[in-house]
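Results of the structural survey
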Amino acid sequence: MQKHSVTPPPKKGLRLLTLSYGDVDGGGSFELATVWAEDIYSIYDGTDSNIWSQLLAVDQGKLTPLGPLQAGYIRLTHSGGLFQQRGTYSAFSGPVKKMLYKEGKFSPAQSLLWGVQNIFFMTPWDKEIGLAWQE
């Protein structure tokens, strides 16, 4: 394994949760999604976490941010990008949505059919088939 590039967290106090990659913009090269947790401490309510995701372009071994931090989970796959919010004291909230890339910006779009679960419940294989965890 060879190190190609290093990038610091986008802001202080974050810890890395996941990395994923895919070609979310359809440009033929892959992008990297980093998902970070920012722990919030409360004397009365305990600990909660804010989730922040960052998209990075990978070009000739360099990592370049593609826009600002996004509040929520972003997961990239070979067939595109996925997005889901985190709830207060709840790891996942709301539907899993497809990510769109338009005019240089990424944004969540329509909910996915399987999107009533969490964003890591299913790994899309192609547009019609996916691998899912079942107890």
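Note that the coordinates shown come from a computational prediction; the quantities given were computed from them, not determined experimentally.

**Notes on the overall build of the protein**
Per the secondary structure count, the protein includes zero helices and eleven strands. When its helices and strands are written in sequence order, the protein yields β-β-β-β-β-β-β-β-β-β-β. Over its C-alpha trace the protein gives a radius of gyration of 15 Å, about what one expects of a compact globule, namely 14 Å for 135 residues. Contacts spanning at least 24 positions in sequence make up 34% of the contacts within the protein whose residues lie at least 6 apart. Summed over all atoms, the accessible surface of the protein reaches about 9100 Å², with 54% contributed by carbon and sulfur.

**Let's talk about the pattern of salt bridges**
Following the criterion strictly, the structure yields three salt bridges and no others. Linking Lys11 and Glu38 is a salt bridge whose minimum nitrogen-to-oxygen distance equals 3.5 Å. Here Lys11, found in the segment before β1 (14-22), pairs with Glu38, found in strand β2 (residues 31-42); they are 27 residues apart in sequence, far enough to count as distant. Classification of Glu38 by relative accessible area gives buried; the value is 18%. We note a salt bridge from Arg15 to Asp39, for which the minimum N-O separation is 3.0 Å. In this pair, Arg15 sits in strand β1 while Asp39 sits in strand β2, placing the two residues 24 residues apart along the sequence. Overall, the relative accessible area of 24% leaves Asp39 in the partly exposed class.

**Considerations on the confidence of the model for the protein**
With 95% of its residues at a pLDDT of at least 70, the protein reaches an overall mean of 83. Element-level pLDDT for the protein is lowest in strand β11 (residues 130-132), with a mean of 76, against a maximum mean of 92 in β1.

**Here's the deal with the sheet that holds strand β8 (residues 90-102)**
In spatial order, the strands read β6-β7-β8-β9; together these four strands make up an open sheet with antiparallel pairing. A strand with exactly one partner marks an edge of an open sheet, and here the two such strands are β6 (73-77) and β9 (105-111). Averaged over all adjacent pairs, the angle separating strand axes in this sheet is 40 degrees, with direction ignored. As paired elements, strand β7 (residues 80-87) and β8 share five bridges and run antiparallel to each other. Considered in β8, the bridge of Leu82 is made with Lys98.

**So, the environment of Trp133**
Mapped onto the secondary structure, Trp133 falls in the segment after β11. Among the residues examined, Trp133 registers a relative accessible area of 63% and is labelled exposed. Counting along the chain gives 65 residues from Trp133 to Pro68, while the straight-line C-alpha distance between them is 32 Å.

**Re a nonpolar patch on the surface**
A cluster of nonpolar residues, Trp125, Ile129 and Leu131, forms a patch on the protein surface that exposes about 340 Å² of accessible area. Its location among the elements puts Ile129 in the loop between β10 (122-124) and β11.

Parameters and conventions
- Residues numbered from 1 in each chain as written.
- Predicted model: local features only at pLDDT ≥ 70, side-chain atom pairs only at ≥ 80, totals over all residues.
- Heavy atoms only, no water.
- Helix = DSSP H or I, 4+ residues; strand = E, 2+ residues; numbered from the N terminus.
- Rg over C-alpha atoms; globule rule 2.2 N^0.38 Å.
- Contact = heavy atoms within 4.5 Å.
- Areas by Shrake-Rupley, 256 points an atom, 1.4 Å probe, with all protein chains shown as cover.
- Salt bridge = Lys/Arg side-chain N within 4 Å of Asp/Glu carboxyl O.
- Buried < 20%, exposed > 50% of the residue type's maximum accessible area, 1.4 Å probe, protein only.
- pLDDT = per-residue confidence, 0-100.
- Pairing = 2+ DSSP bridges.
- Axes fitted to C-alpha atoms, helices over the stretch in contact; angles between N-to-C directions.
- Patch = residues over 30% accessible without salt bridge, like charges linked within 9 Å, V, L, I, M, F, W, Y side chains within 5 Å.

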